Amino acid sequence: DIYNKISPFAYANKIKSPLLLIHGQSYSGQSELFYSSLKGHGATTRLVSLPAETNTYMAKESILHMMWEMDQWLEKYVKNKL
C-alpha cells in the first residue's frame, strides 16, 4: 500500500510537463517501465540510457552526452516558454 502511494507509476497519467529521463544503462529497468507508462498516457518524454554507467556517471563521454541531452531538451521545451 505504501509503495503504491509513493510510486511514480501511480502518477504517470497526471504528468503533463515534458520529462527527460537520463539513467545509467545498468540501472535503467525501472526507468524503462516508467518511460513506457508515460508514453502510454501520451506524455512528452525521452529516455536516455548511458552505456556502461550506473547511478553515478563517470565517463567523460557520458557526462558530455548528458549535458548535450539536457541542453537540447531545455532549448526545445523550456527556452522562451516561461
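Analysis parameters
- Residues numbered from 1 in each chain as written.
- Predicted model: local features only at pLDDT ≥ 70, side-chain atom pairs only at ≥ 80, totals over all residues.
- Heavy atoms only, no water.
- Salt bridge = Lys/Arg side-chain N within 4 Å of Asp/Glu carboxyl O.
- Helix = DSSP H or I, 4+ residues; strand = E, 2+ residues; numbered from the N terminus.
- Buried < 20%, exposed > 50% of the residue type's maximum accessible area, 1.4 Å probe, protein only.
- Core = buried A, V, L, I, M, F, W, Y, C linked by side-chain atoms within 4.5 Å.
- Contact = heavy atoms within 4.5 Å.
- Expected span 1.5 Å × (residues − 1).
- Arc of directions from axis to C-beta.
- Patch = residues over 30% accessible without salt bridge, like charges linked within 9 Å, V, L, I, M, F, W, Y side chains within 5 Å.
- Areas by Shrake-Rupley, 256 points an atom, 1.4 Å probe, with all protein chains shown as cover.

Asker: So, the pattern of salt bridges: which residues are in play, and what are the values?
Answerer: In the structure shown here, the tally under the stated rule is 2 salt bridges. Glu69 is the salt-bridge partner of Arg46, the closest N and O atoms lying 2.8 Å from each other. Highlighted residues: Arg46 in strand 2 (residues 45-50) and Glu69 in helix 3 (residues 60-77), separated in sequence by 23 residues. A salt bridge links Glu75 to Lys79; its shortest N-O distance comes to 3.4 Å. Overall, Glu75 belongs to the partly exposed group, its relative accessible area being 42%.

Asker: Explain the nonpolar core to me, and be specific about the residues and the numbers.
Answerer: In this structure, Ala12, Leu21, Phe34, Leu38 and Ala43 together form the largest nonpolar core, which totals 5 residues. Setting aside residues up to four positions removed in sequence, Ala43 forms contacts with Ile15 and Leu38.

Asker: Quick one: what's the story with unusual backbone geometry, residue by residue and with numbers?
Answerer: Of note in the backbone geometry, Ala52 takes a positive phi value of approximately 60° without being a glycine. By the secondary structure assignment, Ala52 is in the loop between strand 2 and helix 3.

Asker: Go over helix 2 (residues 29-40) with me, naming the residues and quoting the values.
Answerer: Taking 1.5 Å per residue as the helical rise, helix 2 with its 12 residues ought to reach 16 Å, and the 17 Å between its terminal C-alpha atoms agrees with that figure. Those residues of helix 2 that sit buried are Ser31, Phe34, Ser37 and Leu38. Each buried residue of helix 2 lies within a common arc of 125° when the element is viewed along its axis, so the set occupies one face. Structural note: helix 2 exposes Leu33 and Gly40 on the side pointing more than 90 degrees away from its buried face.

Asker: Could you give an account of a nonpolar patch on the surface, with specific residues and numbers?
Answerer: Taken together, the side chains of Ile2, Tyr3 and Ile6 define a hydrophobic patch exposed on the protein surface, amounting to about 380 Å² of accessible area. Here Ile6 is to be found in helix 1 (residues 2-6). Accessibility expressed as a relative area gives 63% for Ile6, which makes it exposed.

Asker: Describe the environment of Ser31, and please don't skip the residues or the numbers.
Answerer: Topologically, Ser31 is positioned in helix 2. The exposure class of Ser31 is buried, given its relative accessible area of 10%. When the C-alpha positions of Ser31 and Leu21 are compared, they lie 7.2 Å apart, and in sequence the two are 10 residues distant. The residues contacting Ser31, other than those within four sequence positions of it, are Leu21, His23 and Leu47.

Read these as spatial facts, not as claims about activity.
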